[in-house]
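Here's the letter readout for the chains.
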Amino acid sequence: MVVEVNRPDRAERRRIGKSDPIDAYAAARAALSGRASSTPKDATVAGIRALHNAARSAVKARTAALNQITHILFTAPETIRARFRHLNGTDRTDVLTRLPPAGDALHVAVLSALKSLARRVKELTAEHEELIKALDREVTAHNPGLRAAYGVGPDTAAQLLVTAGGNPERMRTEASFAALCGAAPVPASSGKTNGHRLSRGGDRAPTRPFTALLWSAWPATPAPGSTSLARLPPAGRRRRPSGS
């Protein structure tokens, strides 16, 4: 039988220190006492996790290259800035890719750097598209119902599957899944103030797909006088915690 053990208690770690044997003994005591009894995630979503991480790294690298192009144009000679000032996004990248470096040494160096970065952007874009296609196939094969849900794309479905694991039945309630995602309410009351805060534990990565799903399900033009709009506080004001 295999159980999942959380990291050692911080107070205990400060008291007795940290090492691999100390952590092993603490994990064994947690398992024997029954404090650690949750079922760990299985490895059936390891392929989805690998494709998802590769796709995200391609997006980050592409964004970095685009930012470098913008920053180089800020300090480039005026003739180069004037030539590409009116271009943005894909149009600018396409022009820079076909650009033959010419002029004096400064212009050749700057244009060569811009052309290299533009080619990198196009390569990373193609790489990301291929990874998303492969990720879509894996996600659809693993959980076709999730992928078919409204507003759930390959990236969103992959993140939810990576967080839940290949055995989501180990989470018996919605509350356990909320705690896993760091979205569970935790009491934060003191004196006459009675309120809650979000849990600081768990995997916070699903908050981004949750937000995307919320906006995709939210009506674009709510009906006038709807209860959801009527309950909103006045603009610029925040509701005071209950009991304060």
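Residues numbered from 1 in each chain as written. Predicted model: local features only at pLDDT ≥ 70, side-chain atom pairs only at ≥ 80, totals over all residues. Heavy atoms only, no water.

Engineer: Sorry, what's going on with the packing of helix α3 (residues 46-75) against helix α8 (residues 154-164) here?
Structural biologist: When two helices pack together, their arrangement is given by the angle between their axes and by how far apart the axes lie. Their axes nearest at 10 Å, the elements α3 and α8 cross at an angle of 130 degrees. With respect to their mutual orientation, α3 and α8 come out oblique. Helix-helix and strand crossings are classified by hand; for α3 and α8 the assignment is left-handed. Judged by residue contacts, I48, R49, H52 and R56 of α3 engage D155, A158, Q159, L161 and V162 from α8. For the contact of α3 with α8, a count of residues per class yields four nonpolar, two polar and three charged. (Axes fitted to C-alpha atoms, helices over the stretch in contact; angles between N-to-C directions. Helix = DSSP H or I, 4+ residues; strand = E, 2+ residues; numbered from the N terminus. Parallel < 35°, antiparallel > 145°, perpendicular 65-115°, else oblique. Left-handed = near helix turned anticlockwise from the far one by under 90°. Contact = heavy atoms within 4.5 Å. Nonpolar A, V, L, I, M, F, W, Y, C, P; charged D, E, K, R; others polar.)

Engineer: Can you help me understand the environment of G165 in this one?
Structural biologist: Among the structural elements, G165 can be located in the loop between α8 and α9 (174-180). When the C-alpha positions of G165 and T44 are compared, they lie 7.5 Å apart, and in sequence the two are 121 residues distant.

Engineer: I tried to follow the pattern of salt bridges on my own but got confused; where do I start?
Structural biologist: Side chains that carry opposite charge are capable of pairing whenever their charged atoms lie near each other. On inspection of all chains with the given rule, the structure shows four salt bridges. Here E78 makes a salt bridge to R81, at a shortest N to O gap of 2.5 Å. With a gap of three residues between them, E78 and R81 both fall in helix α4 (residues 78-84), about one helical turn apart. Among the residues examined, R81 registers a relative accessible area of 26% and is labelled partly exposed. Among the ionic pairs, R208 bridges to D155, the shortest N-O distance being 3.1 Å. Taken together, the residues span a long stretch of sequence, with R208 in helix α10 (residues 207-217) and D155 in helix α8 at a distance of 53 residues. (Salt bridge = Lys/Arg side-chain N within 4 Å of Asp/Glu carboxyl O. Buried < 20%, exposed > 50% of the residue type's maximum accessible area, 1.4 Å probe, protein only.)

Engineer: Whenever I open this one, the packing of helix α5 (residues 89-97) against helix α6 (residues 105-142) confuses me. Can you help?
Structural biologist: Running from N to C, α5 and α6 cross one another at 120 degrees; their axes reach a closest spacing of 8 Å. The pairing of α5 with α6 is recorded here as oblique in orientation. α6 is crossed by α5, and the crossing has left-handed handedness. Across the interface between the two elements, T93, D94, L96 and T97 of α5 pack against L114, K115, A118, R119, V121 and K122 of α6. Residue classes in the contact of α5 with α6 are distributed as four nonpolar, two polar and four charged.

Engineer: Hey, could you run me through the side chain of H52 in this one?
Structural biologist: Its location among the elements puts H52 in helix α3. For H52, a relative accessible area of 2% gives the class buried. Ignoring sequence-local partners within four residues, the contact set of H52 consists of L135, D155, A158, Q159 and R208.

Engineer: So what exactly am I meant to see when it comes to α8 here?
Structural biologist: For an α-helix, the turn length of 3.6 residues means that residues three or four places apart are oriented alike. With respect to burial, α8 is a largely interior element, 10 of its 11 residues being buried. Listing the buried residues of α8 in full gives P154, T156, A157, A158, Q159, L160, L161, V162, T163 and A164. Next to the buried residues of α8 lie α3, α6, α7 (144-148), α9 and α10. Just beyond α8, the residue with positive phi is G165, at close to 85 degrees.

Engineer: Can you help me understand the nonpolar core in this one?
Structural biologist: When a protein is soluble and globular, its nonpolar side chains tend to lie buried together. I69, L73, I80, F84, L96, L111 and L114 are the most contacted members of the largest nonpolar core, which has 15 residues in total. Of all the elements in the fold, those that place two or more residues in this core are α3, α4 and α6. By residue number, the principal contributor to this core is α6, which donates six residues. In contact with L111, other than residues within four places in its own chain, are I80, F84, L99, P101 and A102. By size, the runner-up hydrophobic cluster in this structure holds nine residues, among which are L135, V139, A157 and A158. (Core = buried A, V, L, I, M, F, W, Y, C linked by side-chain atoms within 4.5 Å.)

Engineer: What's the story with a nonpolar patch on the surface in this structure? I'm lost.
Structural biologist: Residues L214, W215 and W218 make up a contiguous nonpolar surface patch of roughly 390 Å² in combined accessible area. As for its placement among the helices and strands, W218 is situated in the loop between α10 and α11 (227-230). Residue W218 is classed as partly exposed on the basis of its relative accessible area, which comes to 42%. (Patch = residues over 30% accessible without salt bridge, like charges linked within 9 Å, V, L, I, M, F, W, Y side chains within 5 Å. Areas by Shrake-Rupley, 256 points an atom, 1.4 Å probe, with all protein chains shown as cover.)

Engineer: Which parts of the structure should I look at to understand the side chain of R92?
Structural biologist: Mapped onto the fold, R92 is located in helix α5. For the buried R92, no salt bridge exists, and the shortest N-O distance to an oppositely charged side chain is 9.7 Å, to D91. (Lys, Arg positive; Asp, Glu negative; His and termini not counted.)

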